[in-house]
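Structural overview for review
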Amino acid sequence: MKTFKGIGASPGLVVGEATVWRRQPLRMDWRRKPDIGVDAENERLDSALRATGEELLELQGQLQARLGRDHATILDAQLLILEDEDFLAAVRAGIAEGLGAEMAFTRSMAEALIPLDLPGDALFRERMVDFRDVEQRVVRALRGSAEQLPRLTEPTIFVAQELTPSQTAALDLSLVQAFVIDEGGHTGHTAIIARSLGVPAVIGLKDVCSKIASGDALAIDGSRGQVHIEPDAATLRRFTVRIARRKQAEERLLTMREVPAETTDGHRIELSANIELPQEIDLALANGAHGIGLVRTEYFYFQTAHLPSEDEQLASYRQVLDSVPEGEVIFRALDVGGDKLLAAMGGVREYNPFLGVRGARFLLRNPEILQTQLRALYRATVHGAMKIMFPMVCDLEELRAFHSHCEVVRDALTREGVEFDPDVDLGVMIETPSAVAMAKELAQECDFFSLGTNDLTQYVLAVDRTNPRVSHLARPHHPAVLRAIHDTVEAAHEAGIWVGCCGEMGSHPLWAILLVGLGVDEISANAAAVPMIKKVIRSVSLDQARTWAAEALTLKTPHEVERFMRASSNRQLREFLVSGG
């Protein structure tokens, strides 16, 4: 038996046989010169573009039929690439230089990817998959060769180096038991589709595809990110027990959908869900989320070849609000590593984007982008209960600058006679040590805090969570992080505002209990984790959680905190954690 560790992108346990697919690389001969003339090469290009567009539209229809309209929009980005005038002009310029259509397209695609291929922003790198897929499809169309995906005839674990949206659409997803993918991250389309389907997914495995053959037995743990190849008898017995326990636990959890996330002594926590894409909302609500505690609006920017207009954004935000008839939705303003969008707009490359132009800094340096989004968000306020929060705010000057932009937008909408709610709550994400240090002052000038524990952990501990050599050190239960959360909550409550948590910390049962004990009022977990977090909250009293949190604050290492929490949690909670897999 061999075991490999990747990213647990979608929870669950499964044992089954592998179907391995490896995309055949396209071999290009850069020495080849076209012998049919520029006009004929352009005609070949146009024909390939039409054929690729028709193919993608057909696949989009299949994806919509299987998973719904929202999932089908994943292919919009690829269709837009085929219509991008600037990109196609670069391709035709290559043809005019004497390159064949294949070479011209490949060279232009490589040049288009240069600004995106930067460190520090996994979400942008995952969008590069769309570009590569279009390149493959257009070049294959030029050569008259079709791509052949395996035809699934029975339930299987699908293993691949990389899986694009269009390839996913071509699979019979009803027969996919799990995904095992070398490339990708937690926000990639494969991870999102797997979570929506409720099947396990382990991704970011580097080269495990080369170590698995079709027909190999696999045991997949999507929660822990583990892939066992040809599992031994002991591992199979362990998986059998865990799968049975998990099924029982899931059946119990589903009965709790309508009950509140309330401690045994009656203290209620607002339990919401984080979403990457609109299509995750149904799963969140089905799992018992009271609302959406974090909408990452970056998605709406990454799905188009241009900056989305005010009306396009409004339509997207309204779609989200219409999907949440009860409960509130919190929209986070655009939060990107600014080097990426600036590069697309002619800016300069940043070698340390985590400490560069991102979040609040990017928005405040690009007021036209900020105000367009704010106009769309304010206009959306009449379509449902919502709040707005600003990312990566470091100090009071940045918060006041955001308020000034909001005032400008409110005044303009009022003059135009546009209906909106001028009193929508405006919050601040607490993600940096400076925001923690200034929490008392920030709390006086906003309506709520939301703890972004992923970045807060990274900045407090000086750990790049995207760097595999040190990412294991990014532990949200580190005493330094717990004390930062404690200070933030105290400052907020002293000012009379509430505090939420929308980081991954809230999706871990032990750390969620610590958040409750530290006084956090709202927890927004990933959609799949909502039932488990609700169960955990309903398993302890507020006094118990406070006692545990107080003790955790006195401990000196993350190991001590974890050991204490596991030893202190009651028998019911420990059994649930084991069965949760």
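None of these values were measured; they are calculated from a predicted model. (Residues numbered from 1 in each chain as written. Predicted model: local features only at pLDDT ≥ 70, side-chain atom pairs only at ≥ 80, totals over all residues. Heavy atoms only, no water.)

The next point concerns the overall build of the protein. Scanning the protein from terminus to terminus reveals 25 helices and 16 strands. Counting across all 581 residues of the protein, residues that qualify as buried make up 54%. Long-range contacts, defined here as pairs at least 24 residues apart, represent 69% of the contacts in the protein between residues at least 6 apart. Summing over all exposed atoms, the protein offers an accessible surface of approximately 24400 Å²; the carbon and sulfur share of this is 49%. (Helix = DSSP H or I, 4+ residues; strand = E, 2+ residues; numbered from the N terminus. Buried < 20%, exposed > 50% of the residue type's maximum accessible area, 1.4 Å probe, protein only. Contact = heavy atoms within 4.5 Å. Areas by Shrake-Rupley, 256 points an atom, 1.4 Å probe, with all protein chains shown as cover.)

Let's shift gears to the nonpolar core. Phe-331, Phe-390, Phe-449, Ile-485 and Ile-523 are the most contacted members of the largest nonpolar core, which totals 100 residues. With eight residues, helix H21 (residues 509-518) is the largest single contributor of residues to this core. Contact partners of Phe-449, with chain neighbours within four places excluded, come to Val-428, Ile-430, Ala-439, Leu-442, Ala-443, Thr-488, Ala-492, Ile-497, Trp-498, Val-499 and Gly-500. (Core = buried A, V, L, I, M, F, W, Y, C linked by side-chain atoms within 4.5 Å.)

Here the focus is the pairing of strand S7 (residues 217-221). Burial runs high along S7: four of the five residues are buried. Bridge count for strand S3 (residues 13-21) against S7 is five bridges, and the pairing is antiparallel. Bridging from a neighbouring strand, Glu-17 pairs with Ala-217 of S7. Sheet analysis places S7 next to strand S8 (residues 226-229), joined by four bridges and oriented antiparallel. If you follow Leu-218 over to S8, its bridge partner there is Ile-229. Between the antiparallel neighbours S7 and S8 lie four residues, among them Gly-225 with a positive phi of about 70°. (Pairing = 2+ DSSP bridges.)

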